[in-house]
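Structure at a glance
The residues making up each chain are set out below.
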Amino acid sequence: MDKIRAGLVGITGYTGMELARLLASHPSMKLTMGCSRSEAGRRLGEFYPFLEGLPGSDLVISVYSPKAVAENCDIAFLAVPHGKAMVMARELLEEGVRVVDLSADFRLHDAATYEAWYKVAHTEKHLLPEAVFGLPEFYAAEIARAKLVANPGCYPTSAILGLAPALKKGLISLEDIVIDSKSGTSGAGRKAVTTSLYCEVTDSFKAYGLAKHRHTPEIEQELSILAGQPVTVSFNPHLVPMNRGILSTIYTKLAADMSLDEVWQIYTDFYKVCPFVRVVPKGALPETRYVRGSLFCDMGLVVDPRTKRLIIVSVIDNICRGASGQALANANIMCGLPMAEGLNQAPLLP
């Protein structure tokens with residue numbers, strides 16, 4: 001049986017790197033085209049020595065052309081900046097290529113909200129109604145029928161998964177939800193900028209984008225759908241000196257008195273059919289190292305009777321679960337494959 005042909009537009013960043021790594025061992029999908037204007041003409045194994053000798057390492061990186069992608073690929077991943085992806089998505093859809101977009105261009109249902117937060121005009125508004133938000137735990141049926149999937153952001157993935165059971169089951173008040181998230185530095189991308197230099201981030205810990213981070217409307221959009229009414233959150237991101245990982249500590253107010261046993265049972269029942277969401281044992285808390293390089297989202301629960309709070313700790317690998325691995329899971333579903341195909345690797349330790 002011939003493998004599904006995958007194209008990767010934007011192969012030089014961390015998300016492109018991770019997708020190339022995952023596709024090298026995928027049993028039913030292969031990388032048949034990798035695009036980068038700056039690295040065109042180089043072999044993939046030359047550009048990424050860690051892939052040398054693996055399937056796809058002899059692929060020659062090329063310049064993006066929608067017609068060339070259509071001739072060589074059944075599905076394409078767009079690992080390019082917001083603002084650029086929307087035009088490429090339209091071009092590829094016109095050529096009959098299914099698209100998984102890793103940028104933010106199709107995540108928000110409302111174009112005006114996108115333009116207000118991203119300060120970019122949305123030129124392909126007509127595609128927004130057909131774009132499916134690519135969180136497989138909640139939208140697998142829609143993803144299976146989709147031509148265009150908007151891959152979720154990394155912070156939103158951790159926050160939405162962490163809050164979903166509490167909102168769907170009415171465990172918490174919709175007021176005063178605080179999402180305190182910490183990310184490894186790979187979340188800032190691979191481009192050389194001063195704020196990402198080793199000496200700028202090591203041995204330090206800082207907050208950024210408070211009250212104005214662009215992932216805020218994405219989080220609120222999906223939480224409002226889960227709750228069935230508008231939800232406003234306080235989202236506060238931080239940068240920590242590690243390569244991979246996101247840890248979100250989410251503070252909520254319980255709607256009624258509940259024990260940890262009751263909340264834990266609701267969460268485990270909610271996610272019992274979701275193999276990549278793991279609710280850790282009562283009394284334990286998750287760590288980023290236990291999900292590194294994987295599609296897992298681990299979460300821990302704390303009920304504080306003194307403050308009547310439910311505290312949720314949700315951890316993911318920002319590059320794999322928060323971007324490339326989730327994109328591949330979406331592509332699997334779009335192509336009629338099991339969601340987990342090629343993604344069952346154990347997390348990397350130490």
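Heads up: these notes are all about the structure in this document. (Residues numbered from 1 in each chain as written. Predicted model: local features only at pLDDT ≥ 70, side-chain atom pairs only at ≥ 80, totals over all residues. Heavy atoms only, no water.)

1. Section: the pairing of strand S7 (residues 177-183)
The element S7 is extensively covered by neighbouring structure, given that six of its seven residues are classed as buried. Here seven bridges tie S7 to strand S9 (residues 233-239), and the two strands are oriented parallel to one another. Opposite valine 178, over in S9, you have serine 234 as the bridge partner. As paired strands, S7 and strand S10 (residues 246-253) are joined by six bridges and run antiparallel to one another. Opposite serine 183, over in S10, you have isoleucine 246 as the bridge partner. (Buried < 20%, exposed > 50% of the residue type's maximum accessible area, 1.4 Å probe, protein only. Helix = DSSP H or I, 4+ residues; strand = E, 2+ residues; numbered from the N terminus. Pairing = 2+ DSSP bridges.)

2. A few points about the packing of aromatic side chains
Geometry of an aromatic ring pair is reported as the spacing of the ring centres plus the angle between the planes. For the structure on display, the rule yields eight aromatic pairs. For the pair phenylalanine 47 and tyrosine 48, a centre-to-centre distance of 4.6 Å together with 55 degrees between the ring planes defines the contact as tilted. Judged by its relative accessible area of 2%, tyrosine 48 falls in the buried class. Seen in terms of ring centroids, tyrosine 114 and tyrosine 118 are 5.0 Å apart; in terms of plane orientation they differ by 15 degrees. Their pairing is stacked. Within this pair, tyrosine 114 and its partner tyrosine 118 are both found in helix H5 (residues 111-118), separated by four residues, close to a single helical turn. With a relative accessible area of 1%, tyrosine 114 lands in the buried category. Residue classification places tyrosine 118 among the buried residues on the basis of a relative accessible area of 6%. Grouped by ring-pair contacts, the aromatic residues Phe47, Tyr48 and Phe50 constitute a single cluster. Positioned above the aromatic ring of phenylalanine 296, the side-chain terminus of arginine 278 is 3.7 Å from the ring centre. (Phe/Tyr/Trp six-rings, centres within 6.5 Å; stacked < 30°, edge-to-face > 60°. Lys NZ or Arg CZ within 6 Å of the ring centre and 35° of its normal.)

3. Things to note about the sheet that holds S9
The seven strands are arranged S8-S9-S7-S10-S13-S12-S11 in an open sheet whose pairing can be described as mixed. The two strands at the open ends of the sheet, each matched to only one other strand, are strand S8 (206-207) and strand S11 (277-279).

4. Here's the deal with the sheet that holds strand S2 (residues 29-35)
Read across the open sheet, the six strands follow the order S2-S1-S3-S4-S6-S5; overall the sheet is parallel. Each edge of the open sheet carries a strand with a single partner, namely S2 and strand S5 (132-133). With six bridges connecting them, strand S1 (residues 4-9) and S2 associate as parallel partners. Bridging from a neighbouring strand, valine 9 pairs with cysteine 35 of S2.

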